[in-house]
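Next come the chains, spelled out residue by residue.
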Amino acid sequence: MAAIKVHGYHASTLTVMVLCCLNEKEVEYELVLVDLPTGAHKKPEYLALNPFGVVPTIQDGDLTLYESRAIIRYLAKKFQGQGTNFLGSTLSEEALVYQWCEVEGQSFNPPALSIFSQIVFVPMRGGSTDEAAVEMNVEKLEKVLDIYEERLSKSKYLAGDFFSLADLQHLPCTHYLVNACGKGDLISSRKHVNAWWEDISSRPTWKINFT
Amino acid sequence: KPQHLALNPFGQIPVIQDGDFTLFESRAIAKYLAKKYMGQGTDLLGSTLTERALVEQWCEVEGQSFRGPAFSIIEQILLAPILGDSTDEEAVKISVEKVGKVLDVYEERLSKSKYLAGDFFSLADLQHLPYSHYLVNACGKGDLISSRKHVKAWWEDISSRPAWKKVAEKMKFK
């Protein structure tokens, strides 16, 4: 069987999330580099795969699939029964996985990505960080993390007592917040969030992505 | 208020209670219902693993690319006056442009496929109903839809489903 092809960029948070998922599921893959700094993602060759011009996109046989959160759901289902079980064991558990996946996508990611964009991307492109925007988004993220703190005081992982897609979805952006944006205190100042972060970020399948 | 926050600590709606089980985030709720009641009513998830993957893909496109700018338009044109604020026309313009770019991709997709995920109505199409309804009927932005031949045909199809019309007629803020 041909290995799954992942079209993406090694430093792209969402590409790395998909690679980590593949590692967790013990599935072979081939990373096809889409060189973001040179605009490869906006060229016709890539747009033919993903008309939205963002990474990653996977090819699995005849199926071409984009949107990283949809990709990891597909992988979790296709390879259910091998590697890490990402979806819980019952209908209710799976629903809670999706609930916390949505929280990540709708409430955590937007402010986290804005912070990262302002602190890392904007200077990289020659602009200056908008400190007010950073402050506003830090405030939003603090409120979200307060809710996580409460949740994780009662539950080992977000969806329940099992590592799931919902926790996986938080790895890339949080990694950058802690290691590239100097915002580690958002995590370390919250006892249960900190314990959760140390747990999920020490998984071997995650650590290999950023060495 | 505390009563609602006890159900959803993020203070948002909707939340469902199904027996002992409480669930929030509308897209997660829709998926739960689609799975729990698979085999009755409309099949919203496709029939194969691949079809399901495409449903998830287009659900994510809605959640990540369509929803943001669509909501910004609704917020500025519909909600701001209700809250006593003024409409930021520049913000509307930027968001209209963003929605337009997304709908250009939809136009291409829907020229080859009856619905977003394939030739079957799915959660991905359903997720577009509420915001599109407000864009067309309350914000005067129907041209975003009507100016794109296949998007228009798709919109007319999905918005005429009885299950939708039943709830749409109640969509007023008072």
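Residues numbered from 1 in each chain as written. Chains lettered and ligands numbered in written order. Predicted model: local features only at pLDDT ≥ 70, side-chain atom pairs only at ≥ 80, totals over all residues. Heavy atoms only, no water.

- Chain B is annotated in an unreviewed UniProt entry as glutathione transferase from Picea sitchensis.
- Comment text from UniProt for chain B, heading Sequence similarities (unreviewed entry), reads "Belongs to the GST superfamily. Phi family."
- Under the Catalytic activity (unreviewed entry) heading, UniProt states for chain B: "RX + glutathione = an S-substituted glutathione + a halide anion + H(+)". (UniProt positions renumbered as here; feature names shortened; annotations may be inferred.)

- Identification of chain A as glutathione transferase from Picea sitchensis is taken from an unreviewed UniProt entry.
- Its UniProt record gives chain A the following Catalytic activity (unreviewed entry) comment, quoted word for word: "RX + glutathione = an S-substituted glutathione + a halide anion + H(+)".
- The heading Sequence similarities (unreviewed entry) in the UniProt record of chain A holds the text "Belongs to the GST superfamily. Phi family."

### A word on the overall build of chain A
Okay, step 1: Per the secondary structure count, chain A includes 10 helices and four strands.
Okay, step 2: For chain A, the succession of helices and strands along the chain, N to C, is β-α-β-α-β-β-α-α-α-α-α-α-α-α.
Okay, step 3: At 17 Å, chain A has a C-alpha radius of gyration in line with the 17 Å of a compact globule built from 211 residues.
Okay, step 4: Principal-axis analysis of the C-alpha atoms gives chain A an extent of 50 × 45 × 30 Å.
Okay, step 5: Looking at chain A alone, contacts between residues at least 24 apart form 65% of all its contacts between residues at least 6 apart.
Okay, step 6: If you sum the accessible surface of chain A, you get close to 9,200 Å²; carbon and sulfur atoms cover 53% of it.
Okay, step 7: Averaging the positions of the 19 positive and the 26 negative side-chain charges in chain A gives two centres separated by 1 Å. (Helix = DSSP H or I, 4+ residues; strand = E, 2+ residues; numbered from the N terminus. Rg over C-alpha atoms; globule rule 2.2 N^0.38 Å. Contact = heavy atoms within 4.5 Å. Areas by Shrake-Rupley, 256 points an atom, 1.4 Å probe, with all protein chains shown as cover. Lys, Arg positive; Asp, Glu negative; His and termini not counted. Charge placed at Lys NZ, Arg CZ, Asp CG, Glu CD.)

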